[in-house]
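Here's the letter readout for the chains.
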Amino acid sequence: MISLESEENMDGQFLPRVKLTQSSIIDVDDGVKTNKSISETVECTREIFKTHKTLPLSFRKEQLKGLLDFFEKEEKSICEALYADLKKSHEEALIAEISLVKKEIRNHLNNLDDWIKPEKVKKSIANFFDDLLITSDPYGVVLVIGAWNYPVFVLFMPVVGAIAGGNCVVIKPSEVAEATSSVISRLLPKYIDNDCYPVITGGPKETTELLQNRFDYIFYTGSSQVGKIIYEAASKYLTPVTLELGGKSPVYVDKTANLKLTAKRILWGKGQNGGQVCIAPDYVLCTPEVQAKLLGFMEDAIKEFYNGSVKTSKDFGRIINQRHFDRLLKLLKNQNIAIGGHTDAAERFISPTILIDVRPKDPIMQEEIFGPLLPIINVRNAQEAIEFINAREKPLALYLFTNDGNVKKDFMEKTSSGGMVINDTIMHIVADGLPFGGVGNSGIGAYKGKYTFDTFVHKKSVLSKSFNPLQEKIESVKYPPMTPASAKFIVNVAKSNIVISTRYLTHALMFALGVAVTVSSYYINKKLNEK
Ligand code: NAD
């Protein structure tokens, strides 16, 4: 049931408020989740969007501040949930999840006034009299689906932009990170408007039900396989999508690199979240000579990072569930382990494990590893590494370790990946100003900072004309009947590249006025002298 009331917003306007008579948090555990409830929730969210409740800047900011409050006041519960799901340490939860989302919220709060302003466009002579603008319109009802590996970061980073864009947002956390999903659905409604931003929990069945509804934008983070299902469902209503997917992110190391630092930086990237990172280095390409030196430094790095005992270190996570643990053990079968290979099924623990003599046809090279296993494959040179990478799906990230300028140039020009890092791993995801996203099999679209806001708004072109009689006179050449002369005039105006900038208009007018005054005083003086 939906009922309408009205409420005053921060701008003093009275807005209709759609009230849900049942909670729009659909929780599988509560046993209240039915197909009808999901559809009804989406329908209610659409009704609310139609009331323009989410449009005022003040409302958007108020909700973003509410979201900030959620992360500040519920930090403890969120960190405990992340520990329960992934054994993520408090420090890692703060650094890699909560603080990044808080930063994104603050960035949107600080810049939203500017970002939502209609953008003025440079005009050509054909639009001399017109106003040309680009406005940033909310899409409407947006669906954000998150993945389990960074269950806070990947869910809320897009939600921030979607709220800032003035949309209603249906929020779907990953059921695999069960504790985090439960904290979000239980506590988030205390901080942001639950009618505009409902949380729906559940797994593939619930997501499938959700996708049967019409959305105006879908933002999905997860595997490429499910990404295809989402894309197909979106096509029914031609719904635009962002797909943040995964894949195998390669590393190439050449002999000019500082191999000690290279080993540290690769293993630091691989060690985050127990290797369950979408941009974790997936495999290493290098010559046998580089490999021999790298292995020694890798062994040292692991000892140094985890104080000689990975298992007891609080800085190394666990595999999310039994299914993924078994999958990783299967990938280890028949492999030559150079470093690590220690496992404990009871804890779902796998130590950082380096594999050598790996063949391109091995199962471990057929899928994204998403765990702490790192195969090394030998190539003869950079050219062969580029060919190896280009023979496979386009990766989400590509890592290159070299001091050779030509090799850097070659990789930048001759490979295609969502992002690229030279002489480090993972760091591009936190670099301000760089959009984050994939290409081809690793995704569609990119976000972060202003790119997140832009993802969730439609850039509408607006041309505004007046009824000015002079303009009408000049532009009346467009009306039929056409003559060769009018057609020629239109063609000439259309092909003109002259751009009219209003930037110096005042200066030009003042200059023209100055010239006019000088010329007229000259003639007046002349006339007076003649008399
Ligand atoms: P997951 O199992 O949590 O699934 C993601 C979402 O898809 C969940 O909300 C789930 O309910 C839904 N889902 C799962 N199966 C479905 C189905 N058959 N139909 C409809 N919905 C379904 O996460 P995952 O897919 O295991 O996540 C890991 C993958 O995500 C990796 O490939 C990783 O690289 C990728 N990832 C990418 C990014 C990125 O930013 N590009 C970030 C994190 C993870």
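So, here's what we can say about the structure. (Residues numbered from 1 in each chain as written. Predicted model: local features only at pLDDT ≥ 70, side-chain atom pairs only at ≥ 80, totals over all residues. Heavy atoms only, no water.)

Across its full length, the protein carries 17 helices and 23 strands. Counting every position in the protein, which comprises 531 residues, the buried fraction comes to 50%. In the protein, once contacts between residues fewer than 6 apart in sequence are set aside, the share between residues at least 24 apart is 71%. Surface accessibility of the protein: about 25800 Å² in total, with carbon and sulfur atoms responsible for 57%. (Helix = DSSP H or I, 4+ residues; strand = E, 2+ residues; numbered from the N terminus. Buried < 20%, exposed > 50% of the residue type's maximum accessible area, 1.4 Å probe, protein only. Contact = heavy atoms within 4.5 Å. Areas by Shrake-Rupley, 256 points an atom, 1.4 Å probe, with all protein chains shown as cover.)

With that settled, consider the site of the ligand. Near the ligand, the surroundings consist of 28 residues, among which Ser-174, Glu-175, Ser-223, Leu-245 and Glu-368 are the closest. A distance of 3.0 Å separates an oxygen atom of the ligand from a polar backbone atom of Gly-146. Protein contact buries 90% of the 850 Å² of open area that the ligand shows by itself. Only helix H7 (204-211), strand S8 (217-221) and helix H8 (224-235) provide two or more residues apiece to the shell around the ligand. With three residues, H7 is the single largest residue contributor to the shell around the ligand. (Near = heavy atom within 4 Å. Polar contact = N/O pair within 3.5 Å; in protein donor to acceptor, adjacent residues only side chain to side chain.)

Let us now look at the sheet that holds strand S6 (residues 141-145). Spatially, five strands are ordered S7-S6-S8-S9-S20 in an open sheet, and the strand pairing comes out mixed. The two strands at the open ends of the sheet, each matched to only one other strand, are strand S7 (168-172) and strand S20 (443-444). Pairing of strand S9 (residues 241-244) with S20, which is carried by two bridges, proceeds in the antiparallel orientation. If you follow Glu-244 over to S20, its bridge partner there is Gly-443. Running over the sheet, helix H5 (residues 153-164) touches S6, S7 and S8 and is turned about 175° from S7. (Pairing = 2+ DSSP bridges. Axes fitted to C-alpha atoms, helices over the stretch in contact; angles between N-to-C directions.)

This brings us to the pairing of strand S10 (residues 249-253). Among the five residues of S10, five are classified as buried, and the element is accordingly described as predominantly covered. Alternating positions in S10 separate into two faces, Ser-249, Val-251 and Val-253 on one and Pro-250 and Tyr-252 on the other, with burial throughout. The pairing of S10 with strand S11 (residues 281-286) spans four bridges and is parallel. By the bridge assignment, Tyr-252 is partnered in S11 with Leu-285. For the segment spanning S10, helix H9 (residues 259-271) and S11, crossover handedness is right-handed. (Right-handed = clockwise from strand over helix to strand, strands pointing away.)

Summed over all chains, the structure comprises 30 salt bridges. The partner of Asp-130 in a salt bridge is Lys-465, with the nearest N and O atoms 3.2 Å apart. Here the residue Asp-130 occupies a position in the loop between strand S4 (123-124) and strand S5 (131-138), and Lys-465 occupies one in the loop between strand S22 (457-464) and helix H15 (469-475), the gap between them amounting to 335 residues. Of the residues examined, Asp-130 reaches a relative accessible area of 1% and is grouped as buried. Under the relative-accessibility criterion, Lys-465 is labelled partly exposed at 40%. (Salt bridge = Lys/Arg side-chain N within 4 Å of Asp/Glu carboxyl O.)

Throughout the structure, instances matching the rule amount to 17 aromatic pairs. Pairing Phe-70 with Phe-156 gives two aromatic rings, centres 5.9 Å apart and planes at 45°, and the pair type is tilted. Here the residue Phe-70 occupies a position in helix H2 (residues 57-73), and Phe-156 occupies one in helix H5, the gap between them amounting to 86 residues. By relative accessible area, which is 0% here, Phe-156 ends up buried. Put simply, the rings of Tyr-139, Tyr-217, Phe-219, Phe-436, Tyr-447 and Phe-456 pair up and form one aromatic cluster. Against the face of Tyr-150 rests Lys-88, its NZ or CZ located 3.7 Å from the ring centre. In this arrangement the basic side chain of Arg-392 is found over the ring face of Phe-388, its NZ or CZ atom lying 3.6 Å from the centre. (Phe/Tyr/Trp six-rings, centres within 6.5 Å; stacked < 30°, edge-to-face > 60°. Lys NZ or Arg CZ within 6 Å of the ring centre and 35° of its normal.)

Once that is clear, we can look at the side chain of Thr-402. Along the chain, the position of Thr-402 falls in the loop between strand S17 (397-401) and helix H13 (405-414). In terms of polar contacts, Thr-402 uses its side chain to reach the side chain of Thr-256, at 3.0 Å. Of note is the side chain of Thr-402, whose polar atom sits 2.9 Å from the backbone nitrogen of Asp-404. Once residues lying within four places of it in the same chain are set aside, the contact partners of Thr-402 are Asp-254, Thr-256, Ala-257, Val-407, Lys-408 and Asn-423.

Right, let's talk about the nonpolar core for a bit. In terms of nonpolar packing, the biggest core is built from 106 residues, with Leu-67, Phe-71, Phe-156 and Val-253 touching the most fellow members. The element best represented in this core is H5, accounting for 10 residues. Beyond its immediate chain neighbours, meaning those up to four positions away, Val-253 contacts Leu-259, Thr-262, Ile-266, Val-284, Leu-285, Cys-286, Val-290, Leu-294 and Phe-401. Formed by 26 residues, the second largest nonpolar core is a distinct cluster that contains Leu-328, Leu-355, Leu-373 and Ala-385. (Core = buried A, V, L, I, M, F, W, Y, C linked by side-chain atoms within 4.5 Å.)

The interhelical angle for the contact between H9 and helix H10 (residues 288-305), taken along N-to-C directions, is 55°, at an axis separation of 8 Å. Taken together, the axis directions place H9 and H10 in an arrangement best described as oblique. Note on packing geometry: the crossing formed by H9 with H10 is right-handed. On H10, the residues that touch Leu-259, Lys-260, Thr-262, Ala-263, Lys-264, Ile-266, Leu-267 and Trp-268 of H9 are Val-290, Lys-293, Leu-294, Phe-297, Met-298, Ala-301, Ile-302, Glu-304 and Phe-305. Here the residues of the contact of H9 with H10 are counted per class, giving 12 nonpolar, one polar and four charged. (Parallel < 35°, antiparallel > 145°, perpendicular 65-115°, else oblique. Left-handed = near helix turned anticlockwise from the far one by under 90°. Nonpolar A, V, L, I, M, F, W, Y, C, P; charged D, E, K, R; others polar.)

Glancing now at unusual backbone geometry. The residue after Pro-480, namely Pro-481, is reached through a cis peptide bond having omega 5°. Among the secondary structure elements, Pro-481 is positioned in the loop between H15 and helix H16 (484-495). Here the phi dihedral of Arg-348 falls at roughly 55°; this positive angle occurs in a residue that is not glycine. Along the polypeptide, Arg-348 turns up in the loop between strand S13 (343-344) and strand S14 (349-350). Judged by relative accessible area, which is 25%, Arg-348 ranks as partly exposed. Even without a glycine there, the phi angle at Lys-448 is positive, about 120°. Tracing the chain through its elements places Lys-448 in the loop between strand S21 (446-447) and helix H14 (450-455). Judged by its relative accessible area of 9%, Lys-448 falls in the buried class.

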